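Each chain is listed here by its residues.
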Amino acid sequence: MEGSENSIYALKISAGQERNVARMLARKSKDSGVGVSAVLVPESLKGYILVESSTKIDMQNPAFKIPHLRGIVESKTKGKEDKEENTVTFEEVKKFLNPEPIISSIQKG
Amino acid sequence: MAMKACTSCKRISTKERCPVCNNPTSSNWSGFLVIIDPDNSDIAKELHIELPGEYALRVR
Ligand SMILES: [Zn+2]
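Residues numbered from 1 in each chain as written. Chains lettered and ligands numbered in written order. Predicted model: local features only at pLDDT ≥ 70, side-chain atom pairs only at ≥ 80, totals over all residues. Heavy atoms only, no water.

Chain B goes by Transcription elongation factor Spt4 in an unreviewed UniProt entry, where it is assigned to Methanobrevibacter cuticularis. Regarding chain B, the UniProt comment filed under Function (unreviewed entry) reads as follows: "Stimulates transcription elongation." Turning to chain B, the UniProt annotation filed under Subunit (unreviewed entry) states: "Heterodimer composed of Spt4 and Spt5." (UniProt positions renumbered as here; feature names shortened; annotations may be inferred.)

Right under this line is the structure:
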């Protein structure tokens, strides 16, 4: 990802409400102009959604006041300088984007 | 109304055929993605999504 300023955050959601929260969050972010560009609900990640944003997520922002949205996942190792500690790397996100192996990508030995 | 996903572009709709690309839709899908701003989304770029909207990650 060349030159992207976006970060991806994990949010904790009440189980079973992931899609509803994703839809509501998408609608609210569009209206309020926070930098959220995509919301991802991987089926394999029960109780979480992933949010791509160009700005640091502020849970106090009204856009994130949503029923069943229980909070942001904070990293266990809180760095002093590193502000991006609680984000998910794009490499990790890619695994959820391509849940099925593509036959053509299998290397022929 | 049951949500169905396009077997080609994976866009979610309630229609029998995709409103965007006119390919058949399927009720057998999983994973859920909302693209708000495709021009500023790494996820949208990775999946070659150019239109805002709701998408499945996998469609059968
Ligand atoms: Zn389509």
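Moving on, there is more to tell.
Trainee: Break down the coordination of the zinc ion for me, citing the residues and quoting the values.
Mentor: Residues and elements named next belong to chain B. At 2.2 to 2.4 Å from the zinc ion lie its protein donor atoms, namely C6 (SG), C9 (SG), C18 (SG) and C21 (SG). Considering all four donor atoms around the zinc ion, the spread of angles at the metal, 96 to 124°, places the coordination shape in the tetrahedral class. Each donor residue of the zinc ion belongs to the same chain, with the gaps between them written as C-x2-C-x8-C-x2-C. (Donors = N, O, S within 2.8 Å, 3.2 Å for Na, K, Ca; no water. Tetrahedral: all angles 85-135°; square planar, octahedral: opposite > 155°, others 65-115°.)

Trainee: How would you summarise helix α1 (residues 18-32) of chain A if you had to cite specific residues and measurements?
Mentor: Structurally, the α-helix is built with 3.6 residues per turn, so residues lying three or four positions apart point the same way. If you check α1 of chain A, its first and last C-alpha atoms are 21 Å apart, about what 15 residues at 1.5 Å a residue would give, namely 21 Å. Buried residues of α1 of chain A: E18, V21, A22, L25, A26 and S29 of chain A, and no others. For α1 of chain A, the angular spread of buried residues about the axis comes to 135°, placing them on one side. Opposite the buried face of α1 of chain A, at more than 90 degrees from it, the exposed residues are R27, K30 and D31 of chain A. Of the surrounding elements, those touching the buried residues of α1 of chain A are β1 (7-13), β2 (36-41), β3 (48-53) and β4 (69-72) of chain A together with β4 (29-35) of chain B. Positive phi shows up at G33 of chain A, right after α1 of chain A, with a value of about 70°. (Helix = DSSP H or I, 4+ residues; strand = E, 2+ residues; numbered from the N terminus. Expected span 1.5 Å × (residues − 1). Buried < 20%, exposed > 50% of the residue type's maximum accessible area, 1.4 Å probe, protein only. Arc of directions from axis to C-beta. Contact = heavy atoms within 4.5 Å.)

Trainee: Any chance you could break down the nonpolar core for me, citing the residues and the numbers?
Mentor: Membership of the largest hydrophobic core comes to 28 residues, with the highest contact counts inside it found for L11, L25, V39, I49, V51, F64 and L69 of chain A. Listed by contribution, the elements that provide at least two residues to this core are β1, α1, β2, β3 and β4 of chain A together with β4 and β5 (53-59) of chain B. Top element by residues in this core is α1 of chain A. It accounts for four residues. What L69 of chain A contacts, discounting residues up to four positions off in sequence, is L11, K12, I13, V21, M59 and F64 of chain A. (Core = buried A, V, L, I, M, F, W, Y, C linked by side-chain atoms within 4.5 Å.)

Trainee: So what about helix α2 (residues 90-97) of chain A? Which residues, and what values?
Mentor: Residues of α2 of chain A that are buried include every one of F90, V93 and L97 of chain A, and no others. Looking straight down α2 of chain A, one finds that the buried residues subtend no more than 55° of arc, so they occupy a single side. Among the exposed residues of α2 of chain A, those oriented more than 90 degrees off its buried face are E91 and K95 of chain A. The inward-facing, buried residues of α2 of chain A abut β1, β2, β3 and β5 (87-88) of chain A together with α1 (42-46) and β5 of chain B.

Trainee: Describe the sheet that holds strand β2 (residues 12-13) of chain B, naming the residues involved and giving the relevant values.
Mentor: Residues and elements named next belong to chain B. Spatially, β2-β1-β3 is the arrangement adopted by the three strands of the open sheet, whose pairing is antiparallel. The open sheet terminates on both sides in strands that have one partner only, identified here as β2 and β3 (25-26). In the sheet, strand β1 (residues 4-6) pairs with β2 via two bridges, with the strands oriented antiparallel. Across the sheet, K4 pairs through a bridge with S13, a residue of β2. (Pairing = 2+ DSSP bridges.)

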